[in-house]
Amino acid sequence: MTRWTADDRLHDGGQPEAGIRRGFPEVEITQPLPRIAAQGAPGLFGPQDQSLTPLNPPAAAPSLIANAAAPVQDATAPESGVAPDGAAGEAQRGKQRDKALVRAAVATLLARLVTTFSVILTLGIAAHSLDNASLGVIAVLTTLTAFLGFGDFGLGTLLMTRLPAARAHGDADGARHIVTLTFGTLAFTGTVIGGAGAVSSFFAPWPTLLGAESLHAADVRHAVLAFFILGGVSIPAAIGGRIYTANLKAAAAQMWLAAGSFLSLVATGVCGAEKLSLPYYVLAISGVPAAAAALQTVWAFVRLFPELRPRPTTFSFREAFSYLKAGLLFAVMSLSAVISYSIDSLVVSSNLNAASAAVFVLASRLFTLVGGTIGLAGQQLWSALSDAIARGDAAWARSRFYKTLQLSVGITGVASVLLVVAGRPIVHLLGKASLMPPMSLLIVLAIYTVYSTTVTQAAYLLAAVEKVGVIASCGVVMAAVNLALSIYLTRRYGLTGPILGSIFALLIVLTAPVLWMLREQIRDLDALIAGRPRAGGSGRHRVSS
């Protein structure tokens, strides 16, 4: 692979020097390129590797598409089994990505079946062993796990976008350094978030926030303490699943998730049999999956991808901060989504009570199993699109995006209708009439699940090309609108209020920008397929040899 060095940098004004330097082939540049840092400054790949790659931060270059017409020379590591360049190589790579998508879909379905079985039995054990207030505390805390999952400040999602592109360019050192920066930063942020949350368990009014004043304050605080400590561990431990997905092995990542869910069920059964207190349930429900994620990460670094094992000697906090800024758009987008989609249980708990939160979370979990399954399967498409676009396989990217979108929305629609019909009988199996959700709640959850799945799948293509700035900005507005609407509608309409607030916020704030940007990216892909870079395209600049 031909690479730029610091001596080949661009001059002031962002325009390339006249002529072709050091034998670079001529490439068409439709817009000015950002200025590259001077030699010696810490770049994306660290002070020990001063070579610069076409992978620029999203703030400077928002998309991968515009100049991807020239195919990238394939120098992927031999163990990946990727074909050489040319039409035959492109076809073989497309088949490999298709197989990865199919495996991910099948594995996700199987893993979700195991997870569904485990979750239902786990909730059943907890429902029979605990009172409704304690069950509500566990439900809210486990729902808040989504917040900790995005405590990586977007680095996990940035890794899923950039690692496939780096490996597509044959940049083994760069790929390893991306993992080093990501893992080191996640370990630091996990320590800070877990530590701060642990301290808050002793001083913040958690019994009041969780609507659990009727429980022993010490039990509630110890449960919160365990939750934050485990959450701090789970932040860096989650990198293993991201690495699996970035290397088109999302199917294996799903099997790890299923194993963690099943072992969590076993641990919860032990808590019920021994009649243990509330904190032990938190350890069983949140701690066992965190341990499984940590083991998955160790396995990835030791056995599957030793070439990506973090190199502590190359880690730099200065570099990590720069890399963190590159992921902030993903972080804002992800955190806004979490606030919009996961705050509802806390809204119910604070404005109604913990028992109502238990009913709400139980019904929501049924539909989350559907939307979450599609979302997890779609993550493999995210990395596959990044790999395809980095190699110039625009036709494959366009085709698979549309097929996946149609299939995802269709499956979600059918499954949501079935859950509306079967939701109450499923809850009835738990044997507690007090947990029965109203039919109105099931209906609005079905509408929201189909709608949000459509928007999320559309956003995957934008995320794969790091076109997330507008989504992140709109996400902040949507989170604020959603929170205000959810509180108001919950006080007015009860359990259906938070979901109605989420639907209205998604419709008012985010839908139009996503559709507009999606249209622009599809036009860029169409131009690449036709071999004519689109004038005024919004693509990210990428120069290849």
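Just so you know, these numbers come straight off a predicted model, no measurement behind them. (Residues numbered from 1 in each chain as written. Predicted model: local features only at pLDDT ≥ 70, side-chain atom pairs only at ≥ 80, totals over all residues. Heavy atoms only, no water.)

Participant: Explanation requested: the overall build of the chain in the structure shown.
Facilitator: For the chain, the helix and strand inventory stands at 16 helices and zero strands. Evaluated residue by residue, the chain yields a buried proportion of 53% over its 545 residues. At a minimum sequence separation of 6, the contacts of the chain that also span at least 24 residues come to 81%. When the accessible surface of the chain is totalled, it reaches about 22400 Å², and 67% of it is carbon and sulfur. (Helix = DSSP H or I, 4+ residues; strand = E, 2+ residues; numbered from the N terminus. Buried < 20%, exposed > 50% of the residue type's maximum accessible area, 1.4 Å probe, protein only. Contact = heavy atoms within 4.5 Å. Areas by Shrake-Rupley, 256 points an atom, 1.4 Å probe, with all protein chains shown as cover.)

Participant: Where do I start with unusual backbone geometry in this structure?
Facilitator: Most peptide bonds are trans, and most residues other than glycine sit at a negative phi. In the Ramachandran plot, Leu248 falls in the positive-phi region, its phi being about 60 degrees despite a non-glycine side chain. For Leu248, the position within the fold is in the loop between α7 (239-246) and α8 (250-274). Residue class for Leu248 comes out partly exposed when judged on its relative accessible area of 21%. Here Lys275, not a glycine, exhibits a phi torsion of approximately 55 degrees, which is positive. The topology assignment puts Lys275 in the loop between α8 and α9 (278-304).

Participant: Just to check I follow, could you spell out helix α6 (residues 217-237) for this structure?
Facilitator: Residues lying three or four places apart along an α-helix face the same way, a consequence of the helix completing one turn every 3.6 residues. Taking 1.5 Å per residue, 21 residues should reach 30 Å; α6 reaches 30 Å between its end C-alpha atoms and fits that length. Along α6, the residues classified as buried are Val220, Ala223, Val224, Ala226, Phe227, Phe228, Leu230, Gly231, Gly232, Ile235, Pro236 and Ala237. (Expected span 1.5 Å × (residues − 1).)

Participant: Hey, could you run me through the pattern of salt bridges in this one?
Facilitator: Pairing is possible between side chains of opposite charge, provided their charged atoms come close. A complete count under the given rule lists five salt bridges for this structure. Arg167 is paired through a salt bridge with Glu307; the nearest N and O atoms lie 2.9 Å apart. Placement of the pair is Arg167 in helix α3 (residues 155-168) and Glu307 in the loop between α9 and α10 (317-342), with a sequence separation of 140 residues. Given the relative accessible area of 15%, Arg167 is considered buried. For Arg523, the salt bridge is made with Glu520, and the minimal N-O distance between the two is 3.8 Å. Linking Arg523 with Glu520, this pair stays in helix α16 (residues 497-530), spanning three residues, or about one helical turn. Given the relative accessible area of 38%, Arg523 is considered partly exposed. For Glu520, a relative accessible area of 13% puts it in the buried group. (Salt bridge = Lys/Arg side-chain N within 4 Å of Asp/Glu carboxyl O.)

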